[in-house]
Structure formats: C-alpha cells, structure tokens
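# Commentary on secondary and tertiary structure
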Amino acid sequence: MTEYFIGLMSGTSMDGIDAAVCAFDDTLPEPRFLRVHAHASGHYPAPLRERLLTLQRTVPQLSLRELAELDRDVAQAFADTAELALEAARLPREAIRAVGSHGQTVFHDPAATGGSIQLGNPSWIAQKLGITTVADFRRADVAAGGQGAPLVPAFHHALFGAATLPRVALNLGGIANITLLPGANAEAVSGFDTGPANGLMDEWAERHLGKPYDEGGEFAASGQLQAELLEALLGDPYFAAAPPKSTGRGDFHLDWLRRRYPGLDTLPPADVQRTLCELTARTVADAIRNHGPQTREVLACGGGTRNHLLMERLAALLAPIALRSSADAGLDPQHVEAAAFAWLAMRTMHGLPGNLPAVTGAKRAVVLGGVYRG
Ligand SMILES: Nc1ncnc2c1ncn2[C@@H]1O[C@H](COP(=O)(O)OP(=O)(O)O)[C@@H](O)[C@H]1O
Ligand SMILES: [Mg+2]
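Values in this document were obtained by computation on a predicted structure and should not be read as measured data. Residue positions are given per chain, counting from 1 as you read along its sequence in written order. Each chain is given a letter, starting from A, and each ligand a number, starting from 1, according to the order in which they appear as written. Predicted model: local features are reported for residues with pLDDT of at least 70 only, side-chain atom pairs are reported and counted for 80 or more only, and whole-chain, interface and lining totals are derived from all residues. Just so you know, side-chain values use all the structure's heavy atoms and leave hydrogens and water out.

Here, axes are lines fitted to C-alpha atoms. For helices the fit covers the stretch in contact, and angles between N-to-C directions go from 0 to 180 degrees. Runs of H or I in DSSP of at least four residues are treated as helices and runs of E of at least two as strands, each being numbered from the N terminus. Interhelical geometry of helix H6 (residues 152-160) versus helix H14 (residues 336-349) gives an angle of 90° and a closest axis separation of 9 Å. When the axes of H6 and H14 are compared, the pair comes out roughly perpendicular. Residue-level inspection shows Val152, Ala154, Phe155, His156 and Ala158 of H6 in contact with H14, the latter providing Val336, Glu337, Ala339, Ala340, Phe341 and Trp343. Residues belonging to the contact of H6 with H14 are distributed by class as follows: nine nonpolar, one polar and one charged. Roughly parallel means an angle under 35 degrees; roughly antiparallel, over 145; roughly perpendicular, 65 to 115; everything else is oblique. Contacts are residue-level and defined by heavy atoms, with any inter-residue pair within 4.5 Å sufficient. Amino acids outside the nonpolar list (Ala, Val, Leu, Ile, Met, Phe, Trp, Tyr, Cys, Pro) and the charged list (Asp, Glu, Lys, Arg) are all regarded as polar, and Gly is one of them.

Written as structure tokens, this is what we have:
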C-alpha cells in the first residue's frame, strides 16, 4: 500500500511556500520514501511578505495582536499552497494521511531562550484542509536538549546516505547548510549552517536591480571580484567557529556588510554582487573541505542551484569533489526541503523519532511535533 503525506515549507528566503505531495510505501516499522508525486509553489501576499521580512531582519518586536494575525495569515497561505498541491496530485483529500507543516520561523535562539517559534497556526491549516496536520517540529528537539535545528539531515540521511561513497547534501536557501553523510551509520551524520547564501545576495539584488533576486547570477557575472571586500567578509568569526553552529538572516544582512566593509557603497554594485556570490561559494567549499575531507560528491538543492555563476564557482572551488544536483539522486532541487517535512510528518504519525541527536545535540531521539486533527 502507498501512503501520502504533504510537506509544506518556507525557508529564510521568504520567496514563497513549497508543497510536496510525497508517496511512501507501507513497509513497517519504517515506511520508505518513494517519490514526490506532485509539487506546488505558493506566494505570500506582498504585505505579509514585507512584514515577515522585517521581522527577520530586526530583533522581533511585535504585539500579541500582530502575532495572532500573522499566525493566521501564514497558516492561510500554507493551506492555499497545500490545496494547489492537492489539485496537482489529483488525489482525493482522504488519500492524504497528514500534512507536515514547518511554518515560518520568526524567532530561533534555543541556547539563550529555549525558544524556536514558527508561525502558521496548525489548527487553522487542519481545519481549512480537513486533513490532520503535524507541526511545531523543532520544539521537542529543543526540549530534549538540542538546537531544534537542523532537522532536514535525518531525511538527507534516509534518502542519500546509503551510498557507499561519502557525500554531502548542500541546501542553498536564504542561508546555506550542509549535511555530511560519510556512510550508512546515522551516528556519523553531522550538519550545520555554513553562512549566508541567497538571503544576502537577494538583499543586494533587490536594492540595485529592484528585483527579488539576481536571475541566473547574471548581474554578479557582469561584475569583478573585489578581493579586499571578500577578505573583510571572510574575517567574520562565524566562518571559523567550530560546528555545531547555526545562523539566520538576522546575522547576515546589509548592515553586516557595511560594518565589515565601510567603503561598501563606493564599489560598483555589480562587483559587490559578484563578491557576495563568491563569499557563498568559498564558505560552502571551505566548510566541506575542513569538515568532510573524505567527501566524494556534493548533492545540491534549493533555489541557489538556479544561480549559474554560484554553481560554476562552487564546482571550481570543490574540484576534484563532484558537484551534482539532488536530481541526480532522484529528487528535484526545488522539492527536497518540502519533501523532508512530509517525511518528518510520516515519522510522527508512525510514532518514530525524527531528529538525529548527533546533529542537533539533543540527548535522545524523540518523536517530533504536535498532531492537530483535521
Ligand atoms: N532563477 C534563479 N536565479 C537565481 N536565483 C534564484 C533563481 N530562482 C530562485 N533563486 C534563489 O533561490 C531563493 C529561494 O530558494 P529556496 O530554496 O526556496 O530558499 P528558502 O528555503 O530559504 O526559502 C530565491 O530567494 C533566490 O535567491
Ligand atoms: Mg523558499
């Protein structure tokens, strides 16, 4: 028998919501991921996106009233995207065992506060869809002593980890993160955020092109690398810090750029875009070399795989390690993160743990998330 779950994800790029309808076989005790059956992308209405971006760039300051409104509005956008995916899947809603909704992170600082907050009221999603919804995946891991992040490495391991050659799964989202998959043993898996990716490049592109991102990396490709700027940015202590570590757009933004390099605005804008692209490629390649020296191939996913210059620079800096698309291992780069939350919902509904303690630092593997009946 085949079981279906829908994964819903929106990351730090805030470019929209990805939904993946995923098929699993019913091999017990651990159902196996089969394929992405259908996919859909949804958008945040522009004013909602602006409010969420502002929250992400600044120390969150909002009233309880705003919090409640955002919780509902994000949930509505998630539910709308799930509806699109259901239509694309041509499946009756009863065929879906559950939705796994990551929600939109608006606060994440487990070390200082014990808190990781994702908006997108799961009761709202469950009631709108009439489908049981699993959500709030991070807090059980935090309560078990972990960072609540990253969670996707467990899925990377289940999907890509069985290969005999040491691999790395690389996600190029708003922030770049890697999962080191040295072999079949889950205990040996590790993963962390390497630093900025699309988030920083998007901010610069928006300012100088008036577009949400640098299509294909063409603006960057028209500029020259500024070596002094690159060195100043690489000097940020985050890059040399030992993992486990995680970061967000609150750490890497335009003010960060100006702080590290006060002469920023005197440089040609295309040169800055070129250098930000290089910064992402360098910090990702350095992290893989330093922490996974045995790596033979890197499987890339996320929106950054569409930035041709970024992929070209990554391939050059990683050689002789092969840079491939996750599609080569059977999963479209746009589907990986959403599919991970379908997989995590499957784990929860089967009473199986979803975190990898070796990755998050949790004291034990735990069943993640809350179940909201639809
Ligand atoms: N055609 C493209 N050219 C360059 N960059 C792109 C393209 N399409 C998407 N992107 C980048 O990918 C980002 C979205 O990536 P995504 O994996 O959804 O990140 P997140 O998980 O943070 O939401 C966009 O903000 C943009 O920077
Ligand atoms: Mg996205």
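Once the structure has been displayed, the description carries forward.
Once that is clear, we can look at the pattern of salt bridges. What makes a salt bridge here is a side-chain nitrogen of Lys or Arg within 4 Å of a carboxyl oxygen of Asp or Glu, nothing more. A full pass over the atoms with the stated rule returns 18 salt bridges. A salt bridge links Arg167 to Glu297, with the nearest nitrogen and oxygen atoms 2.7 Å apart. Here Glu297 lies in strand E11 (residues 297-301) and Arg167 lies in strand E8 (residues 167-172), a separation of 130 residues in the sequence. An identical accessibility class is assigned to Arg167 and Glu297; each is buried. One salt bridge in this structure joins Arg324 and Glu297, with 2.3 Å as the shortest N-O distance. Here Arg324, found in strand E12 (residues 322-325), pairs with Glu297, found in strand E11; they are 27 residues apart in sequence, far enough to count as distant. Here Arg324 falls in the partly exposed class, since its relative accessible area comes to 35%. Within this structure, Arg207, Asp255, Arg258 and Asp265 form a network of salt bridges that share partners. Partly exposed residues are those whose accessible area sits between 20% and 50% of the maximum for their type, while under 20% is buried and over 50% is exposed, using a 1.4 Å probe and protein chains only.

This is a description of form; function is not addressed.
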